[in-house]
Amino acid sequence: MMRRFLSRRLIVLNSHEGLRRGISRSAAATATEVENATITPKMPPFDYAPPPYNGPSAADIMKKRLEFLSPSLFCFYKKPLNVVDGKMQYLFDEDGRRYLDAFAGIATVCCGHCHPDVVEAIINQTKRLQHSTVVYLNHAIADFAEALASKMPGDLKVVFFTNSGTEANELAMMMARLYTGSQDIISIRNSYHGNAAGSMGATAQSNWKFNVIQTGVHHALNPDQYRGVFGSDGAKYAKDVQEIIDFGTSGRVGGFISEAIQGVGGIMELAPGYLPAVYKSIRKAGGLCIADEVQSGFARTGSHFWSFEAHGVVPDIVTMAKGIGNGIPIGAVVTTPEIAEVLTRRSYFNTFGGNPVCTAGGLAVLRVLEKERLQENAFVVGSYLKDRLKGLQEKHDIIGDVRGRGMMLGVELVTDRQLKTPAKSEILHVMNQMKEMGVLVGKGGFYGNVFRVTPPLCFTKEDSDFLVDVMDLALSRL
Ligand SMILES: Cc1ncc(COP(=O)(O)O)c(C=O)c1O
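Residues numbered from 1 in each chain as written. Predicted model: local features only at pLDDT ≥ 70, side-chain atom pairs only at ≥ 80, totals over all residues.

### Here's the deal with the overall build of the protein chain
How we decide: Counting from the N terminus, the helices are DSSP H or I runs at least four residues long and the strands are E runs at least two residues long. As a rule, residues whose C-beta atom has 12 or fewer other C-beta atoms within 10 Å are exposed, those with 20 or more are buried, and those in between are partly exposed; C-beta atoms are placed from the backbone. It is the C-beta atoms, placed from the backbone, that decide contacts: two residues are in contact if theirs lie within 7 Å.
What the protein chain contains, in helices and strands, is 16 helices and 18 strands. Overall, the C-alpha framework of the protein chain stretches about 75 × 60 × 45 Å when taken along its three principal axes. By residue count, 49% of the 478 residues in the protein chain fall in the buried class. Counted over contacts in the protein chain with a minimum sequence separation of 6, partners at least 24 positions apart contribute 74%.

Right, dumping it as structure tokens:
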């Protein structure tokens, strides 16, 4: 009786919040919702209300999208969400309803949606100069390059700007091939590196690989600590790379590319000991080691600024995108002066790469990370969230694995813990339920059965509690 009363009160309170913002009672909470309610976890308070939305409805947008956009586009959720506003770790739909964003536009919004410092930097730069290209001087590109280089270990201090992660990986692999004079690249199964010719070749999941020519890449065993044949023994998986070099190439290779935590592949951190052994084999075969930090870099893992650092290696080339712009389209490749020299053999040019608006925004993102100590927050809150998710695993058999670091966490759902049978339909149901309760998480893994929890790094402990309570309730209802 008390539970029922409390739940009614929660729904009514939520409806009042909606009414204050000028939302109709029917949009804020319907009678049926009140009737069907059980105790729903309460989202932490947040002192921001977006302006009223007067734009097209979700249905109108969907109609246009179906007619004028690529048929390959897909949406999360049975009833796709029309996101019209964002503020820090929250998103708002067309009715002003608030959602806790634990996906961050695919691990991209690192310091929070529309962070005021980033918005200000973008606006100020846009008012002065939007675009000029690198054939003229401008301070924005040089300032961001200097700041990025200061975050890198060793001699990694030459920066090339691109517009995306795909482009960054294309450029990195081309430089490795040019520098070494060898074409063979080794990547890891289950990885994702992009969708242009070279990077799709490095990507190693059939559902992301189109049936077009992708040459020169060998895919090594995935040092997958959950499903892999050698468990967490990184050195054993590393032998496969040596065997590829010995039996699949001339003995000389162009390089090796990997994420330290596979993102699209379902938040899978490579087994410990793997990267140091592989880097040794690759370098012995004359190759360069490329770290793809597109998803896992830029403070997200909390313990380190770059995810490769947790493995005690220093790459020859590092690629990045996503978080470095907090949503601005920008990517980068950072390498040593010696390797960078290879691009002087021909003309290399990228019209938008290093654009003043993007680089001014990127610099503001880096400053916010430092000012608000977001790497530390990713570590502290991320560890807390992981512990709470581990607790949930003890309660729900369907959770086969909880993994990751900082604010890059994965929750793998299986219908049988022994067989590790992917819970493909269950995850969709839980994800939908979580959205209905106001929490957005991502989904990935080869079988599509892993929750990807990659929130903005300003996520709080209260947000974590809310997320876990909502996931708990959704799983209980399965
Ligand atoms: C690890 C990794 N590398 C590269 C890419 C490609 O980046 P983009 O989509 O910006 O081209 C992604 C995208 O998800 C990624 O996760």
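Right, picking up where we left off after that structure.
### Focus on the pairing of strand β5 (residues 185-188)
What counts here: Pairing between strands is defined by DSSP: at least two bridges between them are needed. A right-handed crossover is one whose linking path, passing over the helix from the first strand to the second, runs clockwise when the strands point away from the viewer.
Burial along β5 is two-sided: I185 and S187 and I186 and I188, pointing in opposite directions, are all buried. Across four bridges, β5 lies against strand β6 (residues 217-220) in parallel orientation. Of the residues in β6, the one forming a bridge with S187 is H219. Following the chain from β5 across helix α9 (residues 197-202) to the adjacent parallel β6, one finds a crossover that is right-handed.

### Description of the site of the ligand
Heads up, the condition is: Nearness is defined per residue: the C-beta atom, placed using the backbone, must lie within 6 Å of the molecule or strand. Any residue that is not Ala, Val, Leu, Ile, Met, Phe, Trp, Tyr, Cys, Pro, Asp, Glu, Lys or Arg is counted as polar, Gly included; the first ten are nonpolar and the last four charged.
Of all residues adjacent to the ligand, which total 15 residues, the nearest are S164, G165, T166, V294 and Q295. Examining the composition of the shell around the ligand, we find that three residues originate from one element, helix α8 (residues 165-180), more than from any other. Across the shell around the ligand, the residue classes break down as five nonpolar, eight polar and two charged.

### So, the nonpolar core
How we decide: Put simply, a nonpolar core is a cluster of buried Ala, Val, Leu, Ile, Met, Phe, Trp, Tyr and Cys residues tied together by C-beta atoms within 7 Å.
I290, A332 and V439 are the most contacted members of the largest nonpolar core, which has 127 residues in total. Looking at which element gives the most residues to this core, the answer is helix α13 (residues 356-371), with nine residues.

### Quick notes on the packing of helix α14 (residues 374-395) against helix α16 (residues 461-476)
Just so we agree on the cut-off: Between N-to-C directions, angles cover 0 to 180 degrees, with each direction set by a line fitted to C-alpha atoms, over the stretch in contact for helices. By definition in this entry, angles of less than 35 degrees are roughly parallel, angles greater than 145 are roughly antiparallel, angles of 65 to 115 are roughly perpendicular, and the rest are oblique. In this scheme, a crossing is called left-handed if the near helix is turned counterclockwise away from the far one by less than a right angle; it is called right-handed if the turn is clockwise.
Running from amino to carboxyl end, α14 crosses α16 at an angle of 20 degrees, the nearest separation of the two axes being 9 Å. Put simply, α14 runs roughly parallel to α16. Once α14 is placed against α16, the crossing between them reads as right-handed. In contact with V381, Y384, L385, R388, L389 and L392 of α14, α16 contributes K461, S464, V468, M471 and D472.

### Examining the sheet that holds strand β4 (residues 158-162)
If you walk across this open sheet you meet the seven strands as β4-β12-β11-β10-β7-β5-β6, and the pairing is mixed. The sheet terminates laterally at β4 and β6, the two strands that pair on one side only. For this sheet, the mean angle separating the axes of adjacent strands, direction not counted, is 20 degrees. One ladder, built from four bridges, connects strand β11 (residues 317-320) with strand β12 (residues 331-335); its direction is antiparallel. In the sheet register, I317 faces β12, and the bridge partner there is T335. The strands that helix α7 (residues 139-149) touches are β4 and β12; relative to β4, the one it contacts most, it runs at about 120 degrees.

### Things to note about unusual backbone geometry
Look at A104: it is not a glycine, yet its phi comes out positive at around 55 degrees. Tracing the sequence through the fold places A104 in helix α5 (residues 104-107). At K322, a position not held by glycine, the phi torsion is positive, near 35 degrees. Along the polypeptide, K322 turns up in the loop between β11 and β12.

### Examining α7
Heads up, the rule is: What the arc covers is the set of directions going from the helix axis to the C-beta atoms.
By the burial criterion, the buried members of α7 are A140, I141, F144, A145 and L148. For α7, the arc enclosing every buried residue in end-on projection is 125 degrees, short of the 170-degree limit, so these residues lie on one face. For α7, the exposed residues lying more than 90 degrees away from the buried face are H139 and E146. Of the surrounding elements, those touching the buried residues of α7 are α6 (116-128), β4, β12 and α13.

### Section: α8
So the rule is basically this: Take the number of residues in a helix, subtract one, and multiply by 1.5 Å to get its expected span.
With 16 residues, α8 ought to run about 22 Å at 1.5 Å a step, and its terminal C-alpha atoms sit 23 Å apart, in line with that. At the C-terminal side of α8, G181 shows a positive phi close to 75 degrees.

### With respect to the confidence of the model for the protein chain
Counted only if it meets this: You can read pLDDT as the predictor saying how much it trusts each residue, on a scale of 0 to 100.
Looking at the protein chain, the pLDDT average stands at 93 and 92% of residues meet or exceed 70. Low confidence marks residues 1-32, where pLDDT is under 50. Its contacts with residues over four positions away, or in another chain, come to 33 contacts.

### Overview of the sheet that holds strand β3 (residues 98-101)
The strand order across the open sheet built from four strands is β1-β2-β3-β16, with neighbouring strands paired in mixed fashion. If you trace the sheet from one side to the other, it starts and ends with β1 (83-87) and β16 (439-440), each paired once. When β3 meets β16, the two strands line up parallel, connected through two bridges. Its bridge partner being in β16, D101 is matched across the sheet by L440.

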